[in-house]
Amino acid sequence: MQSTRFGKPNQKEEPLSQVETQSLFKHFGEVKAVDGVDIVSSDEEFLVLLGPSGCGKTTLLRMIAGLEKPTSGDILIGGQVVTHLPPRARGIAMVFQSYALYPHMTIYKNIAFPLKAMGMAKDDMKKKVDWSASMLAIERLLQRKPRELSGGERQRVALARALVREPNVFLLDEPLSNLDAKLRTSAREELYRFQKDVSITTIYVTHDQVEAMGMGDRIAVMNAGKVRQLGTPDEVYSDPADMFVAGFLGSPPMNLIETPDRIVGFRPESFLPQQMHEGIGDLVSLPFTVTRIENLGADRLVYGKLEERFGHAAVIANLPTSFTSYAIETKQRYDFAVPRKDVKFFDPRTELRAEPIPL
Ligand code: ATP
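Since the structure is predicted, the reported quantities are computational estimates derived from the model, not experimental observations.

A.B. asks: Sorry if this is basic, but what is going on with helix α4 (residues 151-163) here?
C.D. replies: Side chains of residues three or four places apart in an α-helix project in the same direction, reflecting 3.6 residues per turn. In this model, α4 (13 residues) spans 18 Å end to end at C-alpha, consistent with the 18 Å of a helix rising 1.5 Å per residue. Among the 13 residues of α4, 11 are classified as buried, and the element is accordingly described as predominantly covered. Along α4, the residues that are buried comprise G152, E153, Q155, R156, V157, A158, L159, A160, R161, A162 and L163. Contacts made by the buried residues of α4 are with β6 (92-95), α2 (107-118), α3 (122-135), β7 (169-173) and α5 (181-198).

Dropping the structure here:
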């Protein structure tokens, strides 16, 4: 576990940084924080743990880091069982939401700290710090103190300090959540590029689906201690395994309509005026009466009710505002439709995906 891949491309065949959990449980008394999780990351992958507050993401990450002892189950890194190894023997580096920089130390000393703790010689240490600072383009900040840095710069320092240890795995717990919305967009882009540049397997915890969809190679969608689906952003969005995933992803989320045999789901952006689907092929026609229109700039959200056949279910359509030619008014009935391939069916009892029924 002590070997690293930097400058040693030959070692790449070994999945040094693959992370695996096997039947992993963590119970705090009655609370099943992590309730049987089996995930396997690929080597060098950006894997996101996504889910609502309290679903167990942080507990799962802390167990992988070695900061929390599992109730049962195993954790493997690079194919080796590390369940009982201390954090420092796992080849991981963790970045927390708070960054936890030492306020009285310069940025240089902050980044050098883990190397100093290892007893590294000064010259080697300087080379490593310079290298990691250049990877994150923070060379000019090295003599400053953390309070003299912006939130985005602090985030880069925290990453540089994690990188300098040449970990096989990065574990990141909501590292962008302290940044304002605008900075978060650029920080997301930066973090994504950085991860691709250094090619270190990264497990990233967030409750923000935009971060997950934008950065993840794959996303593990969690709820109540369980992974409900593990897939690429496109898979979890377009092909949700169950109603939780369908309802969690998307803003607004998937429309879910109760019928006697199935829950019928379709995304607001697939639910459009019939003529806008021209050339798409097989359509499911869903006439609806508009109750409210919300203009959000790029999108126009159109709220309304389906016909009696669907129990007058409330649904939302999402039309790009660039479709200016289509005037919509409240209290009017319109012929809307969804491409049949975009309609998903769920079993109302198990909430899992089910065979389609005729509509
Ligand atoms: P958030 O996004 O709010 O951080 P999370 O998905 O990371 O949530 P966890 O922090 O892993 O969730 O918590 C999962 C569950 O375990 C929650 O119900 C939480 O209250 C509980 N829990 C976490 N740590 C402890 C602890 N040390 N003692 C008791 N219960 C805990």
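A.B. asks: What am I meant to see in the packing of α4 against α5 here?
C.D. replies: Packed helix pairs are characterised by how far apart their axes lie and by the angle those axes make with each other. The contact between α4 and α5 brings their axes to 11 Å, and the two run at 20°. With respect to α5, the element α4 is oriented roughly parallel. Of the two possible hands of crossing, α4 and α5 adopt the one that is right-handed. In contact with G152, Q155, R156, L159 and L163 of α4, α5 contributes L183, A187, E190, L191, F194 and V198. A breakdown of the residues in the contact of α4 with α5 according to their chemical character gives seven nonpolar, two polar and two charged.

A.B. asks: Would you explain the sheet that holds strand β13 (residues 272-273) in this entry?
C.D. replies: Within a sheet, adjacent strands bond to each other through the backbone by hydrogen bonds, running parallel or antiparallel. The three strands are arranged β13-β19-β14 in an open sheet whose pairing can be described as antiparallel. The two strands at the open ends of the sheet, each matched to only one other strand, are β13 and β14 (283-285). Summarising the sheet, β14 and strand β19 (residues 336-339) pair through three bridges and their orientation is antiparallel. What sits directly across from L283, in β19, is P339.

A.B. asks: I tried to follow the side chain of T206 on my own but got confused; where do I start?
C.D. replies: For T206, the position within the fold is in strand β8 (residues 201-206). At 2.9 Å, the side chain of T206 and the backbone nitrogen of D208 are in polar contact. With residues near it in sequence (within four places) discarded, T206 still touches V48, L49, L50, G51, K57, E174, E211 and A212.

A.B. asks: Can you help me understand the side chain of T83 in this one?
C.D. replies: Mapped onto the elements of the fold, T83 is located in the loop between β5 (80-81) and β6. Assessed through its relative accessible area of 8%, T83 is described here as buried. Of the polar contacts made by the side chain of T83, one reaches the side chain of D74; its length is 2.6 Å. Of note is the side chain of T83, whose polar atom sits 3.0 Å from the backbone nitrogen of I75. Setting aside residues no more than four positions away along its own chain, T83 makes contact with P70, G73, D74, I75 and R90.

Calculation criteria
- Along every chain, residues carry numbers that run from 1 in the direction the sequence is written.
- In keeping with the predicted nature of the model, local features appear solely for residues at pLDDT of at least 70, side-chain atom pairs appear and are counted solely at 80 or more, and the whole-chain, interface and lining totals rest on all residues.
- Water and hydrogen atoms were dropped before computing side-chain values, which therefore reflect all heavy atoms in the structure.
- Only runs of H or I of at least four residues qualify as helices and only runs of E of at least two qualify as strands under DSSP, and these elements are numbered from the N terminus.
- In a helix, the anticipated span is given by 1.5 Å times the number of residues less one.
- Burial classes follow relative accessibility: with a 1.4 Å probe on protein chains only, a residue under 20% of its type's maximum area counts as buried, one over 50% as exposed, and anything between as partly exposed.
- Whether two residues are in contact is decided by their heavy atoms, any of which lying within 4.5 Å being enough.
- Lines are fitted to the C-alpha atoms to define the axes, a helix being fitted only along its stretch in contact, and any angle between axes, read from their N-to-C directions, falls within 0 to 180 degrees.
- Under this scheme an angle from 65 to 115 degrees is roughly perpendicular, one under 35 degrees roughly parallel, and one over 145 degrees roughly antiparallel; angles in between are oblique.
- Crossings are classed by handedness, with left-handed meaning an anticlockwise turn of the near helix from the far one by less than a right angle and right-handed meaning a clockwise turn.
- Gly is placed with the polar residues, together with every amino acid not listed as nonpolar (Ala, Val, Leu, Ile, Met, Phe, Trp, Tyr, Cys and Pro) or charged (Asp, Glu, Lys and Arg).
- Only strands joined by at least two bridges in the DSSP assignment are considered to pair.
- Each polar contact in these results corresponds to two N or O atoms within 3.5 Å; when the atoms are within protein, one needs to be able to donate a hydrogen and the other to accept it, and residues that are neighboring in sequence are counted only if both atoms are side-chain atoms.

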